[in-house]
Amino acid sequence: MMKIQSSFFAITIGVLASTEAFAPSSNIKLTQLRAEIGETGVSFENVAREWRCKYSPGPSGGPGDSESLKACQALLDEYLPKLKALPKAQITRQVCGGCLDFKVSITQPLEEHGSWVEANYEPLESEFMEKLKAIDGTSLHETQEITFEAL
């Protein structure tokens, strides 16, 4: 079993990507493409890259007639074939009508996620986020890398 002590997120053996979520004292063990965060008992074999923003409500005050939500969905529809082409990627979308969240998660096994990390999530992430930021009525545009496990 390999122990890795740093502010890096284990992606594959020999491929590491920085993440603030586990910095500065993460202690990550890697066993058969399954990582464990220190001695926390938190282990994972999948990583998700999340793209998110807040959208504005429509004239009714809710999401049903929100032009910004409609535009966010159209943008996702445009990028969905490219996202699905990533190795072993599973794409999910989350929309909250109460807090007005629009989120896209791209989940991959550790083994496949490393090459996308090495490419700094390009070109897809910068293009998508630039277009998302240009949608009138959206705010708080963010990205995040998180572990993603079905339990």
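Heads up: the structure comes first, above all this text.
Residues numbered from 1 in each chain as written. Predicted model: local features only at pLDDT ≥ 70, side-chain atom pairs only at ≥ 80, totals over all residues. Heavy atoms only, no water.

Chemist: Explain the sheet that holds strand β10 (residues 139-147) here, please?
Modeler: Pairing between the strands of a sheet comes from backbone hydrogen bonds, and it takes one of two forms, parallel or antiparallel. Across the sheet, which stays open at both edges, the four strands sit in the order β8-β9-β7-β10 with antiparallel pairing between neighbours. Edge strands, defined here as strands with exactly one partner in the open sheet, are β8 (90-95) and β10. With direction set aside, neighbouring strand axes in the sheet form an average angle of 15°. Across nine bridges, strand β7 (residues 46-54) lies against strand β9 (residues 101-109) in antiparallel orientation. Residue Ala 48 lies in a different strand from β9, and its bridge partner there is Thr 107. Set on the sheet, helix α1 (residues 67-84) makes contact with β7, β8 and β9; between it and β9 the angle comes to about 10°. Helix-sheet contacts for helix α2 (residues 110-118) involve β7, β9 and β10, and the interaxial angle to β9 is about 115°. (Pairing = 2+ DSSP bridges. Helix = DSSP H or I, 4+ residues; strand = E, 2+ residues; numbered from the N terminus. Axes fitted to C-alpha atoms, helices over the stretch in contact; angles between N-to-C directions. Contact = heavy atoms within 4.5 Å.)

Chemist: Please clarify how the pattern of salt bridges should be interpreted in this entry.
Modeler: Pairs may arise between side chains of opposite charge once their charged atoms sit close together. Scanning the model with the defined rule gives nine salt bridges in all. The salt bridge involving Glu 50 is made with Arg 52; its shortest N-O contact spans 2.4 Å. By relative accessible area, which is 15% here, Arg 52 ends up buried. In this structure, Asp 101 engages Lys 103 in a salt bridge whose closest nitrogen and oxygen atoms are separated by 3.9 Å. It is possible to trace a salt-bridge network through shared partners that takes in Arg 34, Glu 45 and Glu 149. (Salt bridge = Lys/Arg side-chain N within 4 Å of Asp/Glu carboxyl O. Buried < 20%, exposed > 50% of the residue type's maximum accessible area, 1.4 Å probe, protein only.)

Chemist: Which parts of the structure should I look at to understand the pairing of β8?
Modeler: Regular strands show a simple pattern: their side chains alternate between the two faces of the sheet. Pairing of β8 with β9, which is carried by six bridges, proceeds in the antiparallel orientation. Bridge pairing in β9 places Arg 93 opposite Val 104. The turn joining β8 and β9, which pair antiparallel and follow one another in sequence, is formed by five residues; a positive phi near 65° is taken by Leu 100.

Chemist: Looking at this structure, how should I read the packing of α1 against helix α3 (residues 124-133)?
Modeler: Think of two packed helices as two axes; the pair is described by the angle between the axes and how far apart they sit. Viewed as axis vectors pointing N to C, α1 and α3 meet at an angle of 170°, and their least axial separation amounts to 10 Å. Viewed along their axes, α1 and α3 adopt a mutual orientation that is roughly antiparallel. Side by side, α1 and α3 meet where Cys 72, Leu 75, Leu 76, Glu 78, Tyr 79, Lys 82 and Leu 83 of the first sit next to Leu 124, Glu 127, Phe 128, Lys 131 and Leu 132 of the second. Within the contact of α1 with α3, the residues separate by chemical class into eight nonpolar, no polar and four charged. (Parallel < 35°, antiparallel > 145°, perpendicular 65-115°, else oblique. Nonpolar A, V, L, I, M, F, W, Y, C, P; charged D, E, K, R; others polar.)

Chemist: For this particular structure, what's the right way to read the nonpolar core?
Modeler: Looking at soluble globular proteins, one finds that nonpolar side chains tend to be buried together. By size, the foremost hydrophobic cluster in this structure holds 23 residues, and its most contacted members are Trp 51, Leu 83, Phe 102, Ile 106, Phe 128 and Leu 132. Here this core takes six residues from α1, the largest share from any one element. The contacts of Ile 106, once residues within four sequence positions are left out, are Val 47, Ala 48, Arg 49, Trp 51, Leu 83, Leu 86, Ala 89, Gln 90, Ile 91 and Trp 116. Of all hydrophobic cores here, the second largest spans five residues; its members include Ile 37, Phe 44, Val 47 and Leu 110. (Core = buried A, V, L, I, M, F, W, Y, C linked by side-chain atoms within 4.5 Å.)

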